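# Results of the structural survey
Chain by chain, the residues run as shown.
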Amino acid sequence: MMNQEKELNAEKAMDDFEDIRIEEQEKTEDQHDMKDKKDKKKHKKDKLSEELEQLQLKFDELNDKYLRLFSEFDNYRKRTLKEKVELNKTASEEVMLILLPILDDFERAIQNLPKDEALSSQLEGVMLIQNKLLKALEQKGLSMIDARNQEFDTDFHEAITHIPAPDPSLVGKVVDVIQNGYTLNGKVIRFAKVVTGS
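Below is a summary of the structure that appears in this document.

Calculation rules
Residues numbered from 1 in each chain as written. Predicted model: local features only at pLDDT ≥ 70, side-chain atom pairs only at ≥ 80, totals over all residues. Heavy atoms only, no water. Patch = residues over 30% accessible without salt bridge, like charges linked within 9 Å, V, L, I, M, F, W, Y side chains within 5 Å. Areas by Shrake-Rupley, 256 points an atom, 1.4 Å probe, with all protein chains shown as cover. Salt bridge = Lys/Arg side-chain N within 4 Å of Asp/Glu carboxyl O. Helix = DSSP H or I, 4+ residues; strand = E, 2+ residues; numbered from the N terminus. Expected span 1.5 Å × (residues − 1). Bend = angle between axes of the 7 residues up to and from the residue. Buried < 20%, exposed > 50% of the residue type's maximum accessible area, 1.4 Å probe, protein only. Core = buried A, V, L, I, M, F, W, Y, C linked by side-chain atoms within 4.5 Å. Contact = heavy atoms within 4.5 Å. Pairing = 2+ DSSP bridges. Axes fitted to C-alpha atoms, helices over the stretch in contact; angles between N-to-C directions.

### Brief notes about a nonpolar patch on the surface
- Side chains of Y66, L67 and F70 sit close together on the surface and give an oily, nonpolar patch of about 340 Å² of accessible area.
- In this fold, L67 is placed in helix α1 (residues 2-90).

### Brief notes about helix α2 (residues 93-112)
- Counted at 1.5 Å a residue, the expected span for α2 with its 20 residues is 28 Å, and the 29 Å between its end C-alpha atoms agrees.
- The sharpest bend along α2 measures roughly 25° and falls at L99, with the proline P101 sitting one to four residues further on.
- E93, M96, L100, L103, D104, F106 and I110 are the residues of α2 that are buried.

### A short note on the nonpolar core
- Of all hydrophobic cores here, the largest spans nine residues; its members are M96, L100, L103, L134, L137, L142, Y182, L184 and I189.
- With three residues, the single largest contributor to this core is α2.
- Not counting residues within four places of it along the chain, the set of residues in contact with L103 comprises Q130, L133, L134, L137, L142 and Y182.
- With five residues, the next largest nonpolar core counts V174, V177, A192 and V194 among its residues.

### Considerations on the sheet that holds strand β2 (residues 157-163)
- Taken together, three strands build an open sheet; the order of strands is β2-β6-β3 and the sheet is mixed. In the strand order of this sheet, the two ends are held by β2 and β3 (174-179), each with one partner. For this sheet, the mean angle separating the axes of adjacent strands, direction not counted, is 30°.
- Sheet topology note: the β2/strand β6 (residues 192-197) ladder contains six bridges and is parallel. Within β6, the position partnered with A159 by the bridge is V194.

### Things to note about the sheet that holds strand β5 (residues 187-190)
- Across the sheet, which stays open at both edges, the three strands sit in the order β1-β4-β5 with antiparallel pairing between neighbours. For this open sheet the edge positions go to β1 (142-144) and β5, each flanked by a neighbour on one side alone. Here the average twist between neighbouring strands, direction ignored, is 35°.
- Pairing of β1 with strand β4 (residues 182-184) involves three bridges; the strand directions are antiparallel. Note on β4: the bridge partner recorded for L142 is L184.
- Running over the sheet, α2 touches β1, β4 and β5 and is turned about 55° from β5.

Here it is in structure tokens:
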């Protein structure tokens, strides 16, 4: 009986040992499974982080391209708007240059018409036409350069000749205007041809 008890105890001990070994093996497998799950999560997290980084880089690149394109377009729009304004301001320059000799002819006609009372109505008519034309051109931005008795300025005047100044205060100034100069919206389209005092 004792042998049987010993055998039973030994068998029980073996079963207990086997149970403990199985439990430890299951624990080890669970730990491996947990470790594998953690590694998979970490790998997945690293992969997502890498994808996020790549997407952020791509976003930054596309955003930079967009900003550059937008600023290029904005610059183009501003440049074309400026060119359009400049074109509108000076588009009539050619027409004005064609009309300037006609204004000169009016001035010569007025200066050369006899100052006779019988012709005063004709002189008045020519002056009215000249003033009407001049006013119409002034509305389009044309203005005469006032040169007589002004300091000689190469930005507005073209010296034809120098004469001794009739008065010491006229030295270096415009003594006479041979041909009037004109500006169109602030831009000189014809310099005043002048005689300066020296």
